[in-house]
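Structural characterization, general
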Amino acid sequence: MCGIVGYTGNKQASPILLDGLSRLEHRGYDSAGIAVLKPDDSIDIFKAEGKLHTLKKKVDGNEPIGQIGVGHTRWATHGTPTDKNAHPHTDCSGNVAVVHNGIVENYLELRASLENEGHKFLSHTDSECIPHLIEKYLVEGYALTEAVGKTAQLLRGANAVSVISHQQADDIVAFRLGNAGGIVLGYGEQEMFLSSDLPALLPYTRKIAYLSDGEMVSITPAGANYYLTDGTSVSKAPSIAPPDTVTAAKGDYSHFMLKEIHEQPEAVISAMRGRISFDTNTVDGADFGLTDVQIAKINRVVLLGMGTSLHAAMVGRLWIESFARIPAESDNSSEFRYRDPVIDQNTLVISITQSGETADTLSAMELAAEKGAYQVAITNYDGTQATRIADSTLLMKAGIEIGVAATKTFTCSLITLFLFAMHLGQKRGTLEREKAATLLKEVALLPELLGKTVVDTTQYEKLAEQFFQYSDFLYLGRGVNFPLAMEGALKLKEISYIHAEGYPGGEMKHGPISLIDENMPIVALMPVGPRYEKMLSTASEVKARGGTIIAVATENDNSIATVADHTIQLPSTAHELNPILSAIPMQLLAYYIAIRRGCDIDQPRNLAKSVTVE
Ligand code: F6R
């Protein structure tokens with residue numbers, strides 16, 4: 001969840017490190033810091049509690065001189081967010097500086113034994129034992145790369161670490177253990193870059209390579225050498241990041257989240273591109289990976305994810321059951337990884353993770369791999385750990401998403417899942433040709449309908465004006481719209497800090513109904529579709545108890561006025577595709593309410609864009 005950057009080259013390091021951190025701040029923003037190795041071999045360190053701008057102010061006018069350095073933006077796990085606990089951390093001599101992402105599970109043990117040997121600790125972090133261990137090995141006469149490798153072998157847990165020291169004054173040495181977030185290397189002309197995430201590198205280079213679990217790298221301005229932590233060489237060639245991942249700028253939008261909400265029509269086109277043959281009315285499964293024989297053998301599908309990605313999984317499950325008639329279930333990765341799931345070679349496991357680095361999802365995938373399941377990853381970033389565990393990868397193609405709240409990656413996950421479910425149905429002969437043709441006609445219209453849905457934001461501003469002071473919301477939906485009720489509640493919670501719950505409409509009577517009064521607005525997802533009448537009854541029951549209803553309904557629905565106090569209209573589409581359209585009101589309502597409450601939209605408190613710790 002923390003962000004790591006590194007630079008070694010022919011330019012001053014500190015502006016590049018600070019710029020890189022500003023592109024990673026969505027990963028953690030409790031504190032930040034940089035370390036620069038100066039020409040006299042000493043290390044200059046700047047750290048500041050709070051957001052990156054506090055660090056930038058500290059550095060402004062005191063820029064450290066040096067062409068190699070590392071930086072960090074923190075999401076606190078061990079130790080409160082203070083200057084002392086901010087990274088980089090150093091050894092006793094101040095000759096080794098370390099930035100760390102992950103959790104050193106055995107740090108208490110390591111710290112006690114280092115303290116016994118005389119090492120002095122300044123912070124309350126688990127991270128600080130890393131520079132002290134490196135120091136110990138340097139004192140024993142090991143070269144920096146060896147000392148870092150030996151240290152890596154002692155750490156338990158998932159960790160990504162990056163180190164500088166005058167012992168190898170041109171080198172940044174880094175390693176990755178398990179799934180504590182990625183390390184991406186960027187190749188420049190006489191310069192090398194390092195980052196937790198690709199977006200921080202893209203202004204400088206698209207020539208990149210990723211570290212895998214258990215790998216180390218030593219970068220100098222001339223290039224990179226890869227090893228395993230025991231020193232065995234590894235050969236790795238850089239690749240070129242695809243152009244659709246390039247540049248993320250806010251433009252005229254006040255927040256990345258708003259920009260990304262508005263990018264959804266484009267993003268969905270990009271996710272559809274190359275996956276549909278409109279001449280034959282079929283989904284083109286060229287990049288879906290599974291052979292016809294493998295598809296025929298599947299007897300169960302498990303869809304995994306966390307947060308918004310879990311909600312996409314929940315919708316995907318229904319599409320797969322409906323189109324491919326395969327028993328399907330969706331599960332929270334963090335629950336799945338700790339139960340003893342029944343899985344075999346004929347189970348298809350589909351994991352959804354925009355970052356490709358969510359620790360719980362990666363561990364769940366590793367478990368599924370051990371049990372021999374065929375695995376598909378749906379992710380926004382090629383080369384990430386999820387893609388390496390999976391047998392095939394379906395890219396969301398959403399472009400870079402900076403806002404911490406997932407928006408366009410959600411709709412791109414949905415359309416990717418929709419087409420994949422259709423593909424499975426077509427290959428298994430369970431999706432009739434005419435039905436497929438009708439669905440694809442509607443799919444073709446989706447970008448235009450999404451465009452219509454995002455265009456009118458004034459209705460959300462008005463709703464926000466009326467509802468921003470409420471402290472609880474209930475979201476209700478049925479069928480494919482139930483996961484959207486969960487998603488709407490999650491969006492509102494995470495960016496506006498209002499308590500919200502998402503429930504299936506049918507569950508309302510079994511408890512939540514007792515919450516209903518004039519202080520509990522209800523967002524009812526009730527576009528025209530198979531369960532529309534049932535939602536109408538649920539809404540009437542709410543109304544009869546004094547609840548206020550904000551209905552998300554299909555345009556020209558004349559019955560809705562009988563129950564709704566406010567109506568957000570969606571264009572008409574195939575009912576199966578409704579969730580993709582209803583994602584927009586879920587996002588915009590949360591956005592404008594959060595704006596009225598003065599919240600930090602792109603960096604909500606306590607959250608991070610990639611959750612690389614359990
Ligand atoms: C919500 C949100 C989170 C993520 C979750 C999984 O807006 O962004 O709930 O969906 O942390 O992240 P990924 O998709 O990267 O695995």
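Source: prediction; values computed, not measured.

1. As for the packing of aromatic side chains
- Inspection of every chain in the model, using the stated rule, returns 10 aromatic pairs.
- On the numbers, 6.0 Å between centres and 75° between planes, the contact of Tyr137 with Tyr142 is edge-to-face.
- Among the residues examined, Tyr137 registers a relative accessible area of 11% and is labelled buried.
- Ring geometry for Trp319 against Phe418: centres 4.9 Å apart, planes inclined by 90°, an arrangement best described as edge-to-face. Of the two residues, Trp319 is situated in helix α9 (residues 307–324) and Phe418 in helix α13 (residues 408–428); the sequence distance between them amounts to 99 residues. The burial state of Trp319 is the same as that of Phe418; both residues are buried.
- Clustering of aromatic rings is evident, with ring pairs tying together Phe467, Tyr470, Phe473 and Tyr475.

2. Some points on helix α5 (residues 144–154)
- Regarding α5, the residues found buried are Leu144, Thr145, Ala147, Val148, Gly149, Thr151 and Ala152.
- Residues of α5 that are buried in the fold lie against α4 (129–139), β7 (159–165), β8 (172–177), β12 (215–220) and β13 (223–228).

3. So, the site of the ligand
- Neighbouring the ligand are 15 residues, the closest being Ser309, Thr353, Ser355, Thr358 and Glu494.
- Taking Met306, its main chain carries an N or O atom lying 3.5 Å from an oxygen atom of the ligand.
- Within the contact set of the ligand, an oxygen atom lies 2.6 Å away from a side-chain nitrogen or oxygen of Ser309.
- When isolated, the ligand has an accessible area of 400 Å², and the protein chains bury 91% of it.
- Of the residues assigned to the shell around the ligand, the class counts are six nonpolar, seven polar and two charged.

4. Quick word on the pattern of salt bridges
- Per the counting criterion, the structure on display carries 26 salt bridges.
- With a closest N to O distance of 3.5 Å, Lys136 and Glu117 form a salt bridge. Linking Lys136 in helix α4 with Glu117 in the loop between α3 (107–116) and α4, this pair joins segments that are 19 residues apart in sequence.
- You can call Lys136 partly exposed: its relative accessible area is 21%.
- Judged by its relative accessible area of 47%, Glu117 is partly exposed.
- A salt bridge links Arg596 to Glu465; its shortest N-O distance comes to 3.0 Å. With a gap of 131 residues between them, Arg596 in helix α18 (residues 578–596) and Glu465 in helix α15 (residues 458–467) connect regions that are remote in the sequence.
- In this structure Arg596 comes out as partly exposed when scored by relative accessible area, which is 34%.

5. Some points on the sheet that holds strand β20 (residues 347–352)
- Taken in spatial order, the five strands of this open sheet run β19-β18-β20-β21-β22, and their pairing is parallel. Every interior strand has two partners, whereas the edge strands, β19 (328–332) and β22 (392–395), have only one. Strand-to-strand twist in this sheet, taken as the mean axis angle between neighbours without regard to direction, amounts to 20°.

6. Observations regarding the nonpolar core
- In terms of nonpolar packing, the biggest core is built from 93 residues, with Trp319, Ile320, Leu348, Ile350, Phe473 and Tyr475 touching the most fellow members.
- Tallying contributions element by element places α18 first for this core, with 12 residues.
- One finds Val5, Leu17, Leu201 and Tyr210 within the second-largest nonpolar core, a separate group that totals 29 residues.

7. A few points about the sheet that holds strand β10 (residues 192–195)
- Strand order in the open sheet formed by eight strands is β3-β2-β4-β1-β10-β9-β11-β15, with antiparallel pairing between adjacent strands. Every other strand in the sheet has two partners, leaving β3 (43–49) and β15 (239–240) as the edge strands with one partner each.
- Two elements, strand β1 (residues 3–8) and strand β4 (residues 68–74), share six bridges in a ladder whose sense is antiparallel. When the sheet's bridge partners are listed, Ile4 is paired in β4 with His72.
- Contacts from helix α1 (residues 13–24) reach β1, β2 (31–37), β4 and β10, with the element oriented near 155° to β1.
- Relative to β3, helix α2 (residues 52–59) is tilted by about 140°, and along the sheet it contacts β2 and β3.

8. A look at unusual backbone geometry
- Of the consecutive residues His87 and Pro88, the connecting peptide bond is found in the cis state with omega at 0°.
- Secondary-structure assignment places Pro88 in the loop between β4 and β5 (89–90).
- For Tyr497, which is not a glycine, the phi torsion comes out positive at approximately 65°.
- Looking at where Tyr497 falls in the secondary structure, it is placed in the loop between α16 (482–496) and β24 (499–504).
- Looking at Tyr497, the relative accessible area reads 25%, which means it is partly exposed.
- Residues other than glycine seldom take positive phi values, yet Asn556 does so here, at roughly 65°.
- Here Asn556 shows up in the loop between β26 (548–554) and β27 (566–570).

9. Here's the deal with the packing of α9 against α16
- α16 packs onto α9 with a crossing angle of 170° between their chain directions and a minimal axis gap of 8 Å. Taken together, the axes of α9 and α16 are roughly antiparallel relative to one another. Every residue of α16 that contacts α9 at Gly307, Thr308, His311, Met314 and Val315 is listed here: Phe482, Pro483, Leu484, Met486, Glu487, Leu490 and Lys491.

10. Here's the deal with the pairing of β7
- With seven of its seven residues buried, β7 lies for the most part within the structure.
- Along β7, one buried face is formed by Asn159, Val161, Val163 and Ser165 and the opposite face, lined by Ala160, Ser162 and Ile164, is buried too.
- As defined by bridge partners, strand β6 (residues 96–102) adjoins β7 across seven bridges and the pair is classed as antiparallel. Bridge pairing links Val99 to Ser162 in β7.
- One ladder, built from five bridges, connects β7 with β8; its direction is antiparallel. Its bridge partner lying in β8, Val163 is registered against Val173.
- Connecting β7 to the next strand, β8, in antiparallel fashion are six residues.

Criteria and thresholds
Residues numbered from 1 in each chain as written. Predicted model: local features only at pLDDT ≥ 70, side-chain atom pairs only at ≥ 80, totals over all residues. Heavy atoms only, no water. Phe/Tyr/Trp six-rings, centres within 6.5 Å; stacked < 30°, edge-to-face > 60°. Buried < 20%, exposed > 50% of the residue type's maximum accessible area, 1.4 Å probe, protein only. Helix = DSSP H or I, 4+ residues; strand = E, 2+ residues; numbered from the N terminus. Contact = heavy atoms within 4.5 Å. Near = heavy atom within 4 Å. Polar contact = N/O pair within 3.5 Å; in protein donor to acceptor, adjacent residues only side chain to side chain. Areas by Shrake-Rupley, 256 points an atom, 1.4 Å probe, with all protein chains shown as cover. Nonpolar A, V, L, I, M, F, W, Y, C, P; charged D, E, K, R; others polar. Salt bridge = Lys/Arg side-chain N within 4 Å of Asp/Glu carboxyl O. Pairing = 2+ DSSP bridges. Axes fitted to C-alpha atoms, helices over the stretch in contact; angles between N-to-C directions. Core = buried A, V, L, I, M, F, W, Y, C linked by side-chain atoms within 4.5 Å. Parallel < 35°, antiparallel > 145°, perpendicular 65-115°, else oblique.

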